[in-house]
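# Structure at a glance
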Amino acid sequence: MKNLEDLLGYKFKDGKILNEALTHKSTKLPYNNERLEFLGDAVMDLIVGEYLFKKFSKTNEGDMSKLRAGLVNEKSFANMAKQLNLGDFIRLSTAEANNGGREKASLLSDTFEAVMGAIYLESGLDKVREIAVRLLEICYPKIDFTHLVKDYKTALQEITQASFGVTPV
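So, a few notes on the structure that sits alongside this text. (Residues numbered from 1 in each chain as written. Predicted model: local features only at pLDDT ≥ 70, side-chain atom pairs only at ≥ 80, totals over all residues. Heavy atoms only, no water.)

On to the overall build of the protein. Each helix and strand in the protein was counted, giving 10 helices and zero strands. Looking at the 169 residues of the protein, the share that counts as buried comes to 39%. A sequence separation of at least 24 residues applies to 68% of the contacts in the protein between residues at least 6 apart. On the protein, roughly 9700 Å² of surface is accessible, and the fraction owed to carbon and sulfur atoms is 53%. The centroid of the 23 positive side-chain charges in the protein is displaced by 2 Å from the centroid of its 24 negative side-chain charges. (Helix = DSSP H or I, 4+ residues; strand = E, 2+ residues; numbered from the N terminus. Buried < 20%, exposed > 50% of the residue type's maximum accessible area, 1.4 Å probe, protein only. Contact = heavy atoms within 4.5 Å. Areas by Shrake-Rupley, 256 points an atom, 1.4 Å probe, with all protein chains shown as cover. Lys, Arg positive; Asp, Glu negative; His and termini not counted. Charge placed at Lys NZ, Arg CZ, Asp CG, Glu CD.)

Once that is clear, we can look at helix α3 (residues 34-55). The terminal C-alpha atoms of α3, which comprises 22 residues, lie 31 Å apart, in line with the 32 Å expected from a rise of 1.5 Å per residue. Turning to α3, its buried residues number three or more, namely L36, E37, G40, V43, M44, I47, V48, Y51 and L52. End-on, the buried residues of α3 take up no more than an arc of 165 degrees, which puts them together on one face. In α3, the exposed positions that point more than 90 degrees away from the buried face belong to R35, F38 and F53. Looking at the buried positions of α3, the neighbouring elements they touch are α2 (15-21), α4 (61-71), α5 (74-83), α7 (105-123) and α8 (125-139). (Expected span 1.5 Å × (residues − 1). Arc of directions from axis to C-beta.)

On to α4, then. If you check which residues of α4 are buried, you get M64, L67, G70 and L71. An end-on view of α4 places all buried positions within 115 degrees of arc, on one side of the element.

Here it is as C-alpha cells:
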C-alpha cells in the first residue's frame, strides 16, 4: 500500500479504512467500499464544483454544470484512478479479477471515489481537495468546453428549436 500512498501523496493513519476503500463487494467480505464510494462521490462533486467556480469566474451556472458533468463521472474518475494505478490495489474476487475487473471503468471509478471518501474521513476536505485538484490538473490539463462537454442531446435540441421552432421528441 505504500506505493499507492506515494502516488496519492497521502499516508493513511488507519490502514483499515484504506483496506475497506480498496475492497470490492465481489470479495464477499463483511465489509466493502460501497459506503465510502457514496461519500467520495459527494466530496468529489463538491470539490470539482468549487474548482470550476473559482477557475471560471465569468461562466454561468448552466455552463459550469456542463463542465462539472464532464469531470464528475465514471470515465473521468476511472482516468484519475488509472493515474494512481488503482487497478493494481483493488481487492476483488478471483472471478471478478479473471473477468478483467482491474481494468473496468466502473470498478476503477468506484474505488477512486471510495479512496477519496476515506481520505475525507481521516483528514477532511482540505486534504482531499489538494489531492483531487492535483489529479484533475494532471489528467485534464485543458479544462474547457472543447475538451469536456459533449452534450449531444442539448445540441440537437438547440439546433431543432432554432431551425424548426420545436423540441424533438
